[in-house]
Amino acid sequence: MSTITEVDSIPQWEQLLASLPPSTLLVVSFHAPWAAPCAQMATVLATLASEYPVTEPPATKWVSVNAEDLSDISEAYEVTAVPFLVLIRNGQVLETVSGSSAVKVRTAIETHASSASAAQADTAGGVAQTVAKAEEPAAPLDPERQKEELFKRLADLVKAAPVMLFMKGTPSGPQCGFSRQMVAILRENSVKYGFFNILADDEVRQGLKEYAEWPTYPQLWISGELVGGLDIVKEELSNDADFFKPYSVSGGEAAAPA
Ligand SMILES: N[C@@H](CCC(=O)N[C@@H](CS)C(=O)NCC(=O)O)C(=O)O
C-alpha cells in the first residue's frame, strides 16, 4: 500500500527525480494549506495511493508539494492553481490535472500507471498530453453558483473510494460515539473504505447534509450512493449479514485524515 510523501526542499525533490527508476510513475500533488479543495484532494489521493502496492508493478511513487513554499518547483511545472496534479515518468510530464475532480484524477493515474505501452509511447514522444486548464479566477461567486460548485465537489468526494465514510474525527481518533461505532462495524467486517473528517471542513459538513438530504454524521456512501447513518447500517447488517462482503478485504481503512 503506497503512501504520500511530502517534499520539503528542492534538494529532496532533485534527489527524488534522480533516484526513480525510469518506469516508475511519479504522482505529484501540488497543494496549499489554505485551500479547502486540497484537503479533499489529499483524501482522494491517499485513498488511491493505498490501492497501489509498494513493491509490485505498476511502480508508482506519490509525493505532495506545497506550491507556495516550493515555488521554484511549481513554476517549473506551470502550476497556476491548486490542487494541481502532475504525472511524470522518466523525467517527462505525461499529464496534468488542474482542479479537484476525483474522477479526472483517478482516470489519469489509472491510465498512466496501468499501461506499459502508454509508458513507452509517452517516453518516446515527450509530453504526450496536457489537460491542464486554468482554475476559475477567484472572483466571488453568487450563492447559487457557490452551491453548484460545492455540490460538484461533493459529487466527486462521495465517490473518492467505493466505500466512503463521512465521520467526525478519524478512524483512529473518532470524535463522536456514533462515528466510533460505525468505524468498529466497518473494522469487524474488514471493509476497505476511504474516509473524510467533516470536522476539518465546515463547508463539506453543512453542504453534504443538504446534498445527501441526511442531517447527521456518520454517513456511509457506497458507489456514490448514500446508504445512511449508523442506525441504517446496523439495520442493513441485521437483515443481511453479508451486506459488506463485496467490500471486505483484510486491509481495513484506506484514506488519510483530511
Ligand atoms: N442516529 C444517528 C446518530 C447520528 C447523529 O445523531 N449525529 C449527530 C451528532 S454526532 C450529528 O451529526 N449532528 C449534526 C452535526 O453535528 O453536524 C445515526 O444513525 O447515524
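Here the structure is shown first, and the text comes after it.
Residues numbered from 1 in each chain as written. Predicted model: local features only at pLDDT ≥ 70, side-chain atom pairs only at ≥ 80, totals over all residues. Heavy atoms only, no water.

Here is the key point about a regular strand: its side chains alternate between the two faces of the sheet. Of the two faces of strand β10 (residues 219-222), both are covered, the one formed by Gln-219 and Trp-221 as well as the one formed by Leu-220 and Ile-222. With 4 bridges joining them, strand β6 (residues 163-167) and β10 adopt antiparallel strand pairing. Across the sheet, the residue bridging to Leu-165 is Leu-220, located in β10. When β10 meets strand β11 (residues 225-228), the two strands line up antiparallel, connected through 3 bridges. Bridged to Ile-222 within β11 is Glu-225. Hairpin connection, β10 to β11: the antiparallel pair is bridged by 2 residues, and Ser-223 has positive phi, about 50°. (Buried < 20%, exposed > 50% of the residue type's maximum accessible area, 1.4 Å probe, protein only. Helix = DSSP H or I, 4+ residues; strand = E, 2+ residues; numbered from the N terminus. Pairing = 2+ DSSP bridges.)

Grouped together as the largest cluster of nonpolar side chains are 33 residues, with contacts concentrated most on Leu-45, Trp-62, Leu-85, Leu-87, Val-105, Ile-109 and Phe-166. Discounting residues that sit within four places of it in the chain, Phe-166 has contacts with Leu-157, Val-158, Phe-196, Ile-198, Leu-208, Tyr-217, Pro-218, Gln-219 and Trp-221. By size, the runner-up hydrophobic cluster in this structure holds 22 residues, among which are Leu-20, Val-28, Val-79 and Ile-88. (Core = buried A, V, L, I, M, F, W, Y, C linked by side-chain atoms within 4.5 Å. Contact = heavy atoms within 4.5 Å.)

Attention now goes to the site of the ligand. By nearness alone, every residue bordering the ligand is listed as Lys-168, Cys-176, Phe-178, Arg-205, Lys-209, Pro-215, Thr-216, Tyr-217, Pro-218, Gly-229, Leu-230 and Asp-231. Here an oxygen atom of the ligand sits 2.7 Å away from a polar atom, N or O, in the main chain of Tyr-217. Take Leu-230: an N or O atom from its main chain is 2.9 Å from an oxygen atom of the ligand. Taken by itself the ligand offers 500 Å² of open surface, and the protein chains cover 76% of this. Elements with a contribution of two residues or more to the shell around the ligand: α8 (202-212) and α9 (230-239). Here the residues of the shell around the ligand sort into 6 nonpolar, 2 polar and 4 charged. (Near = heavy atom within 4 Å. Polar contact = N/O pair within 3.5 Å; in protein donor to acceptor, adjacent residues only side chain to side chain. Areas by Shrake-Rupley, 256 points an atom, 1.4 Å probe, with all protein chains shown as cover. Nonpolar A, V, L, I, M, F, W, Y, C, P; charged D, E, K, R; others polar.)

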